Amino acid sequence: MDMKRDYYEDIQLFQSGVVLFWTVVLLLVLFTLPLVVPNYYVYLFNIIMVHIILAVGLNILVGSTGQISLGHAGFFAIGAYGTVLMMTLFQLPFILAILIAAFIAAFFGFILGLPALRLEGPYLAIVSLGFGLTIMHVIGGVDAFGGRMGIKVPPLDLGIKQLGISWILTTDFHKYYLILIMTIIMVVGARNILKTRVGRSFVAIRDSDIAAEVIGVNLTIYKTLAFAVSAFYAGIAGGLFGFVLGFFDPFTFNMILSIIFLVMVVVGGLGTILGGIMGATLITYLQYDLLKNIAEVPYFGALMVAVSKQWFTLVGLENFSSMAIGLIMIGIIIFEPLGMFGLWIRMKKYWMTWPF
Amino acid sequence: MDHFKVENLSISFGGLKAVNNISFSVEKNSIFSIIGPNGSGKTTIFNMISGIYKPDSGRIICDGENIVGSSPDHVARKGVARTFQNIELFSNATVMDNLLLGRHIHMKTGVFAGAFMWGRGSAAAKEEIANREIVENIIDFLDLQSVRNHYVASLPYGKRKLVELGRALALEPKILLLDEPSAGMNTEEKGDLNIWIKDIQADYQVTILLIEHDMNMIMGISDRIFAMNQGEKIVEGVAAEVQCHPEVIKAYLGEDLSC
Ligand SMILES: Nc1ncnc2c1ncn2[C@@H]1O[C@H](COP(=O)(O)OP(=O)(O)O)[C@@H](O)[C@H]1O
Ligand SMILES: [Mg+2]
């Protein structure tokens, strides 16, 4: 019998009914969650989602294309400042402002991609690091950007002022839904990019640039494109982040942040969408919640404070968060190079073959 | 108009004349084999054709156009595809994705069209489906169904060689350069490959330049043979002419070429 294959099956979003079912369940949970958790957690979720957008974009560059960036806080800053300035200086509606800011970030991504054509590994890391620092200091030096004092965001108005339409999101709860929808769009978009021609070309460059060239992939175009796409994601994330914080200054986007972003991608799993999501979630949770409040954990917290005071810092747990995240990173690299994504796959295999 | 030819091609690495003043012309839809001992400059000729090395002098004419100086991706767009002696695949991608990458120049989906692949009717999805169908035919042709969704890194050597051949075919090339395709294959695999190359010549209407060490295969399959040594041409002709040339016999010392 001649069976005709349906090739759409290979690329469709929901590969099976099971996947569709769990996706619906997940969406229901995500949309009802802020109704039932305390407001502080809604704020935390907002930050997690912003970081998910950024990490998924960074993973396209680092995991899929095999390039490195230690300057993503710079694109994040361009997104945040760009969005706010477009709104305050030019009275643009939020959606337009954040898109323009993200395109500006993408343009800077393209510029940073140019030296990447000739540099690799540690050299590229240093150049991108310099880029991030430069952005931070340039912004700090311009008064129109608020200088070192920082900048306060305008009301998050989804309407169009010029038409007299106004729809202002004031609370974390309201912003949650905007960010959730943006996150879903961006994540599905990234997944689609990786499933189609451009994403495959990125992977080709990572695995063998010589072979990529002889099948017709233009290295100049695709290497810079990977930077631009990744920077676009950082720009969107930055634009949202500004409104989560309400106020920010140049040092919000410091070098450590760039490193943390990279850690998210490595810990989550290089080159997979799920990896970016899991890494961003875990690291953000650790940083903003668990490790921040570790002193309050009975016994263990007191011990950590004592250890930290004795050997690391006078002020208590300042450095603890960085150290813990560093240890996680080392552990992942040694024991599970595929990151949390690798653990997830193993767990799935285990349950699928259970109880045998 | 000349279909494909190289004229006075030369390149040196340091003091070494790796390829010295080589010329040949290839008939459309024929199999043209290049033989010679290791280090005689065969792969270097392929690298110059595909734009990886720029020759010091000489011309490479493809459908009447000189392609010397074109970058590899431009050469690919001109219709030249190749495989590598030491296999250059995308090892952390599946067989399917490797072959789909071979369709790169025939596809157009960019970042935005790709990102907005919402549903079966979108332009990106339509293009994917059409090209997956083409690739699926190549998978059937090369008997790769069983490893269709496997990662290339997990495949045995012989299978990888085939995936690389499939990827080159996916480009629908006018000129196909095969650099030692049978290296590392067992007798049975070599037999299959022999038949496939013949089929490719017939079904895909492609001109094949072949570098091979397996003399049985070469003598049986080639329309013309070009023998070289240390960057220089020895002789060019049909199997019988090349086989019995004294210098070819000398270069392949010890091998019985049955003259
Ligand atoms: N990139 C390179 N740099 C220096 N020498 C090279 C390079 N590529 C090839 N060669 C030299 O050119 C000669 C021909 O090599 P090659 O074309 O690979 O031979 P074949 O494919 O016939 O075995 C060899 O001596 C090789 O060492
Ligand atoms: Mg060779």
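Residues numbered from 1 in each chain as written. Chains lettered and ligands numbered in written order. Predicted model: local features only at pLDDT ≥ 70, side-chain atom pairs only at ≥ 80, totals over all residues. Heavy atoms only, no water.

J.: How should I be thinking about the overall build of chain A in this particular structure?
T.: When helices and strands are counted, chain A shows 14 helices and four strands. Computed over its C-alpha atoms, the radius of gyration of chain A comes to 21 Å, within 12% of the 21 Å expected for a compact globule of 356 residues. With respect to the three principal axes, the spread of C-alpha positions in chain A is 70 × 55 × 45 Å. Across the 356 residues that make up chain A, the buried fraction comes to 51%. The contacts in chain A between residues at least 6 apart in sequence include a share of 75% that link residues at least 24 apart. Of the roughly 17,000 Å² of accessible surface on chain A, 73% is carried by carbon and sulfur atoms. In chain A, 18 positive and 16 negative side-chain charges are present, and the distance between their average locations comes to 1 Å. (Helix = DSSP H or I, 4+ residues; strand = E, 2+ residues; numbered from the N terminus. Rg over C-alpha atoms; globule rule 2.2 N^0.38 Å. Buried < 20%, exposed > 50% of the residue type's maximum accessible area, 1.4 Å probe, protein only. Contact = heavy atoms within 4.5 Å. Areas by Shrake-Rupley, 256 points an atom, 1.4 Å probe, with all protein chains shown as cover. Lys, Arg positive; Asp, Glu negative; His and termini not counted. Charge placed at Lys NZ, Arg CZ, Asp CG, Glu CD.)

J.: I would appreciate a short explanation of the coordination of the magnesium ion (ligand 2) in the present structure.
T.: Put simply, the ideal angle at a metal is 109.5 degrees for four donors in tetrahedral geometry and 90 or 180 degrees for six donors in octahedral geometry. Here the magnesium ion (ligand 2) is held by the protein donor atoms B:Thr43 (OG1) and B:Gln85 (OE1), which lie 2.0 to 2.1 Å from it. Of the two residues, B:Thr43 is situated in helix 1 (residues 42–49) and B:Gln85 in the loop between strand 6 (80–82) and helix 3 (95–101); the sequence distance between them amounts to 42 residues. (Donors = N, O, S within 2.8 Å, 3.2 Å for Na, K, Ca; no water.)

J.: What's the story with the sheet that holds strand 8 (residues 207–211) of chain B in this structure? I'm lost.
T.: Neighbouring strands of a sheet are bound in pairs by backbone hydrogen bonds; such pairs are parallel or else antiparallel. Residue and element names in this part refer to chain B. Sheet architecture is open: six strands sit in the order 6-7-8-3-9-10, paired in mixed fashion. The outermost strands of the open sheet, each flanked by one partner alone, are strand 6 and strand 10 (232–237). Adjacent strand axes in the sheet meet at a mean angle of 20° when their direction is disregarded. As paired elements, strand 7 (residues 175–179) and strand 8 share five bridges and run parallel to each other. If you follow leucine 176 over to strand 8, its bridge partner there is isoleucine 208. Across the sheet, helix 1 is in contact with strand 3 (31–35), strand 6, strand 7, strand 8 and strand 9 (224–229); its angle to strand 8 comes to roughly 145°. (Pairing = 2+ DSSP bridges. Axes fitted to C-alpha atoms, helices over the stretch in contact; angles between N-to-C directions.)

J.: Got a minute to help me understand the side chain of A:Asn59 in this structure?
T.: Tracing the chain through its elements places A:Asn59 in helix 2 (residues 39–64). In contact with A:Asn59, other than residues within four places in its own chain, are A:Ser64, A:Val265, A:Gly269, A:Leu270, A:Gly271, A:Thr272, A:Gly275 and A:Gly276.

J.: For this particular structure, what's the right way to read a nonpolar patch on the surface?
T.: Taken together, the side chains of A:Leu27, A:Phe31, A:Ile95, A:Leu99, A:Phe103, A:Ile181, A:Ile185, B:Phe112, B:Phe116 and B:Trp118 make up a nonpolar region of the molecular surface, amounting to roughly 920 Å² of accessible area. Taken together, the elements giving at least two residues each to the nonpolar patch come down to helix 1 (17–36), helix 4 (94–116) and helix 6 (172–195) of chain A. Considering each element in turn, the nonpolar patch owes the most residues, three residues, to helix 4 of chain A. Tracing the backbone shows A:Ile181 in helix 6. (Patch = residues over 30% accessible without salt bridge, like charges linked within 9 Å, V, L, I, M, F, W, Y side chains within 5 Å. Salt bridge = Lys/Arg side-chain N within 4 Å of Asp/Glu carboxyl O.)

J.: Is there a simple way to think about the site of ligand 1 in this case?
T.: All names here are of chain B. Close contacts around ligand 1 come from Phe13, Leu16, Ala18, Pro37, Asn38, Gly39, Ser40, Gly41, Lys42, Thr43, Thr44 and Tyr53, and that covers them all. The backbone of glycine 39 places a nitrogen or oxygen atom 2.7 Å from an oxygen atom of ligand 1. Burial of ligand 1 by the surrounding chains reaches 65%, relative to a free accessible area of 560 Å². At the level of elements, strand 2 (16–26) and helix 1 are the ones that each hand at least two residues to the shell around ligand 1. Looking at which element gives the most residues to the shell around ligand 1, the answer is helix 1, with three residues. Taken together, the residues of the shell around ligand 1 sort by class into five nonpolar, six polar and one charged. (Near = heavy atom within 4 Å. Polar contact = N/O pair within 3.5 Å; in protein donor to acceptor, adjacent residues only side chain to side chain. Nonpolar A, V, L, I, M, F, W, Y, C, P; charged D, E, K, R; others polar.)

J.: Would you mind showing me how to read helix 6 (residues 157–170) of chain B here?
T.: Count 3.6 residues to each turn of an α-helix, and residues three or four apart come out pointing the same way. For helix 6 of chain B, which comprises 14 residues, the first-to-last C-alpha distance of 20 Å matches the rise-based estimate of 20 Å (1.5 Å per residue) to within 8%. Burial analysis of helix 6 of chain B places 11 of its 14 residues in the buried class, which makes it a mostly covered element. When helix 6 of chain B is considered as a whole, its buried residues turn out to be B:Gly158, B:Lys161, B:Leu162, B:Val163, B:Glu164, B:Leu165, B:Gly166, B:Arg167, B:Ala168, B:Leu169 and B:Ala170. Contact partners of the buried residues in helix 6 of chain B: helix 8 (209–214) of chain A together with strand 6, helix 3, helix 5 (123–141), strand 7 and helix 7 (187–203) of chain B. (Expected span 1.5 Å × (residues − 1).)

J.: Would you mind showing me how to read unusual backbone geometry here?
T.: Phi is mostly negative for residues that are not glycine, and the peptide bonds are mostly trans. All names here are of chain B. Positioned with a positive phi, glutamate 172 is a non-glycine residue whose angle comes to about 50°. Considering the arrangement of structural elements, one finds glutamate 172 in the loop between helix 6 and strand 7. One non-glycine residue, glutamine 230, lies in positive phi territory at about 50°. Along the chain, glutamine 230 falls in the loop between strand 9 and strand 10. Looking at glutamine 230, the relative accessible area reads 62%, which means it is exposed.

J.: Is there a simple way to think about the packing of helix 10 (residues 255–268) of chain A against helix 11 (residues 273–290) of chain A in this case?
T.: Residue and element names in this part refer to chain A. Put simply, helix 10 and helix 11 touch, their axes get as near as 7 Å, and they point 125° apart. Relative to helix 11, the element helix 10 lies oblique. Note on packing geometry: the crossing formed by helix 10 with helix 11 is right-handed. Packed against helix 10, whose contacting residues are Ile260, Val263, Met264, Val267 and Gly268, the element helix 11 presents Gly275, Met278, Gly279, Ala280, Leu282, Ile283, Thr284 and Gln287 at the interface. (Parallel < 35°, antiparallel > 145°, perpendicular 65-115°, else oblique. Left-handed = near helix turned anticlockwise from the far one by under 90°.)

J.: Any chance you could explain the interface of chain B and chain A here in plain terms?
T.: Accessible area lost during the coming together of the parts is what is often quoted as the interface size. Opposite the 41 residues of chain B that make contact, chain A presents 36 residues. For the chain B face of the interface with chain A, the top three residues by lost area are B:Phe90, B:His104 and B:Val111, together amounting to 17%. Across the contact surface, chain B and chain A share one salt bridge. Residue A:Arg200 pairs with B:Glu128 through a salt bridge whose shortest N-O separation is 2.8 Å. Joining chain B to chain A, the criterion identifies 13 residue pairs in polar contact (both at pLDDT 80 or more). Breaking the side of chain B that touches chain A down by element, the ones donating at least two residues are helix 2 (72–77), strand 6, helix 3, helix 4 (111–115) and helix 5 of chain B. Of the residues forming the side of chain B that touches chain A, the biggest block, seven residues, is contributed by helix 5 of chain B. Per-class residue counts for the side of chain B that touches chain A are 21 nonpolar, seven polar and 13 charged. (Buried area = accessible area lost by both parts, 1.4 Å probe.)

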